[in-house]
Amino acid sequence: MEILVTGGAGYIGSHTCLELLREGYDVVVIDNLSNSHKIALDRVEKLAEKTITFYEADVMDKAALENIFTNHHIQAVIHFAGLKAVGESVEKPLSYYKNNLISSLVLFEVMQQYAVKKLVFSSSATVYGVPENTPITEEAPRATTNPYGATKLIIEQMLEDIAASDSSWQISLLRYFNPIGADISGLIGEDPNGIPNNLMPYITQVAAGRLEEVNVYGQDYETHDGTGIRDYIHVVDLAKGHLKALQYSYYGVEAFNLGTGIGSSVLDVISTFEKATGTQIKHKIVNRRPGDVAKCYADSSKAQKLLGWTAEKTLYNMCKDSWEWQSRNPNGYLK
Ligand code: NAD
Ligand code: WQD
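Scope of this entry: the structure provided in the associated data block. (Residues numbered from 1 in each chain as written. Chains lettered and ligands numbered in written order. Predicted model: local features only at pLDDT ≥ 70, side-chain atom pairs only at ≥ 80, totals over all residues. Heavy atoms only, no water.)

Looking at the sheet that holds strand 2 (residues 26-31)
Paired through their backbone hydrogen bonds, the strands of a sheet run either parallel or antiparallel. As a reminder of what qualifies: In this scheme, strands are said to pair when DSSP sees at least two bridges between them. By the criteria applied, helices consist of DSSP H or I runs no shorter than four residues and strands consist of E runs no shorter than two, each listed in order from the N terminus. Each axis is a line fitted through C-alpha atoms, taken for helices only over the stretch in contact, and angles between the N-to-C directions span 0 to 180 degrees.
If you trace the 7 strands from one edge of the open sheet to the other, you get 3-2-1-4-5-6-11, paired in parallel fashion. Both edges of this open sheet fall to strand 3 (53-56) and strand 11 (252-258), since each of them pairs with a single strand only. Neighbour-to-neighbour, the strand axes of the sheet open up by a mean angle of 15 degrees, direction not taken into account. Across 4 bridges, the pairing between strand 2 and strand 3 is parallel.

Next up, the structure:
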């Protein structure tokens, strides 16, 4: 079964390609490498001992997509391609609206044209905005606080309208919580450009000596130790969730939260990282980061019930595997 993976060279995409190959799927990737390196896919091929068909192209390029759908018997699409940095989206909203919305629009048009109507879409817990209650269920109201989140919300709405207009579509909206970790081999992982915005790559770069200390954004939240709580999920568990969504037989559109259901504070993550890796993470408390919420964690019981999926790896595993990747590749893929 041939699966098209958009953005397959990226962090979550590369881990999902590996799981797909291991489960016997044929994988075709389209990626413009705007935030990734081809070497990630070379390493996936090495780990799986199988090959990937790679197209270096932009998903906004309709002719490139038509060429792929003509040359392959694509049966389903996993759509990761997109820009994902919240802060950058506030500075460059037009780039985010253009890249994320136009690429999705063109992809869905070409899928319709070739009657390929099974889609797994990378959505995000960001569609819940500031959650009223935790744990968050899929029925929680959707709202956005930044242009990146707005693109996810608009694409979800686009897909709901497509499914309403044509009942032969099968669409999963996977709302990821906070993906961290790496394949246990340490050969593939997250390789952010510049200084990381997210907590785990920041911690691993402090551990590697690339950064001085972690700034803990606020210790005055209403949480057990005053620091922000999130639902960190191992990227390999997340990747496996995509396979479950592909195998799920239904018509229409369904949203699924992919998280562990366990909330961990910033200080929990730092202390677990220290235990898992034997390193010391220098850190200091600074002001809250604007836009952050106190608590965000998932109720993932719908994914368990309908997809038969649950996250298996612990925060300890996530820290250990993140560090394995960072310590084997101190400067990321190419440097
Ligand atoms: P990533 O940046 O590592 O991967 C995205 C990939 O898409 C990159 O390889 C990039 O080169 C490619 N790409 C971007 N625009 C493209 C275009 N127009 N045409 C072709 N390729 C294009 O990001 P990731 O962390 O792997 O995230 C994958 C998806 O999951 C994204 O849609 C992101 O919004 C979503 N998501 C990520 C997180 C997270 O914390 N990492 C959380 C929730 C949702
Ligand atoms: C986690 C916690 C910070 C960095 C973001 C996006 C979200 C989704 C996942 C795409 C918070 C604290 C962080 C640091 C810190 N991405 N922190 N010092 O903000 O929960 O989610 O990534 O869809 O949309 O918003 O993740 O890793 O940035 O922060 O204290 O240097 O760590 O305040 O409590 P976040 P994060």
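Quick word on the site of ligand 2
Heads up, the condition is: One heavy atom within 4 Å of a molecule or strand is enough for the residue carrying it to be called near that molecule or strand. In the analysis that follows, any N or O atom pair within 3.5 Å is treated as a polar contact, provided that within protein one partner can donate a hydrogen and the other can accept it, and provided that, for residues neighboring in sequence, both atoms belong to side chains.
Ser124, Tyr148, Asn215, Arg230 and Asp292 are the nearest of the 18 residues found near ligand 2. Residue Asn197 places a main-chain N or O atom 3.4 Å away from an oxygen atom belonging to ligand 2. Contact distances for ligand 2 include 2.8 Å between an oxygen atom and a backbone N or O atom of Leu199. Within the residue set of the shell around ligand 2, elements represented by two or more residues are helix 7 (199-207) and strand 8 (214-217). If you tally residues by element for the shell around ligand 2, the top one is strand 8, at 3 residues.

Brief notes about the packing of helix 7 against helix 9 (residues 266-277)
Packed helix pairs are specified by the crossing angle of their axes together with the interaxial distance, meaning the distance between the axes. As a reminder, the rule being used: By the definition adopted for this analysis, an angle is roughly parallel if under 35 degrees, roughly antiparallel if over 145, roughly perpendicular if from 65 to 115, and oblique otherwise. Put simply, a crossing is left-handed when the front helix is turned counterclockwise from the back one by less than a right angle, and right-handed when it is turned clockwise. Note on definitions: a residue-residue contact is assigned when non-hydrogen atoms from the two residues lie within 4.5 Å. Nonpolar residues are Ala, Val, Leu, Ile, Met, Phe, Trp, Tyr, Cys and Pro. Charged residues are Asp, Glu, Lys and Arg, and all others, Gly as well, are polar.
Viewed as axis vectors pointing N to C, helix 7 and helix 9 meet at an angle of 40 degrees, and their least axial separation amounts to 11 Å. Judged on the interaxial angle alone, helix 9 and helix 7 are oblique. Seen along the crossing, helix 7 lies across helix 9 with a hand that is right-handed. Two secondary-structure elements touch here, helix 7 through Leu199, Met200, Ile203, Thr204 and Ala207 and helix 9 through Val266, Val269, Ile270 and Phe273. Considering only residue class, the contact of helix 7 with helix 9 consists of 8 nonpolar, 1 polar and no charged.

Some thoughts on the pairing of strand 11
Which entries qualify depends on this criterion: Summary of the burial criterion: residues with accessible area below 20% of their type's maximum are buried, those above 50% are exposed, and those between are partly exposed, where the area comes from a 1.4 Å probe applied to protein chains only.
In terms of burial, strand 11 is a largely internal element, 5 of the 7 residues being buried. In this structure, strand 6 (residues 170-176) lies alongside strand 11, joined through 7 bridges in parallel fashion. The residue of strand 11 that forms the bridge with Leu173 is Ala255.

Describing the sheet that holds strand 14 (residues 295-296)
Strand order in the open sheet made by the 3 strands is 12-9-14, with mixed pairing throughout. Strands at the two margins of the open sheet, each flanked by one partner only, are strand 12 (264-265) and strand 14. Judged from the 2 bridges that link them, strand 9 (residues 229-230) and strand 12 form a sheet pairing that is antiparallel. Note that in strand 12 the partner of Arg230 across the bridge is Ser264.

Brief notes about helix 9
Put simply, the test is: To estimate how far a helix should reach, multiply one less than its number of residues by 1.5 Å.
Under the 1.5 Å per step criterion, the end-to-end length of helix 9 is 17 Å for 12 residues, consistent within 8% with the ideal 16 Å. Residues of helix 9 that are buried make contact with helix 7, strand 8, strand 10 (232-234), strand 12, strand 13 (283-286) and helix 11 (315-328). Remark: Gly278 follows helix 9 within two positions and exhibits a positive phi of approximately 70 degrees.

A short note on the pattern of salt bridges
Selection rule: Here, a salt bridge means any Lys or Arg side-chain nitrogen found within 4 Å of an Asp or Glu carboxyl oxygen.
Within this structure, the stated rule accounts for 17 salt bridges. Of the charged contacts in the structure, one is a salt bridge between Arg22 and Glu19, with a shortest N-O distance of 3.5 Å. Of the two residues, Arg22 and Glu19 both sit in helix 1 (residues 11-22), 3 residues apart, roughly one turn of that helix. Owing to a relative accessible area of 42%, Arg22 belongs among the partly exposed residues under this scheme. Salt-bridge contacts for Arg142 lead to Glu160; the nearest nitrogen and oxygen are separated by 3.2 Å. One end of the pair, Arg142, is in the loop between strand 5 (118-124) and helix 6 (147-165); the other, Glu160, is in helix 6, with 18 residues separating them in the sequence. Taking relative accessible area as the criterion, Arg142 reaches 33% and is therefore assigned partly exposed. In this structure, a network of salt bridges that share partners links the residues Arg142, Glu156, Glu160 and Arg175.

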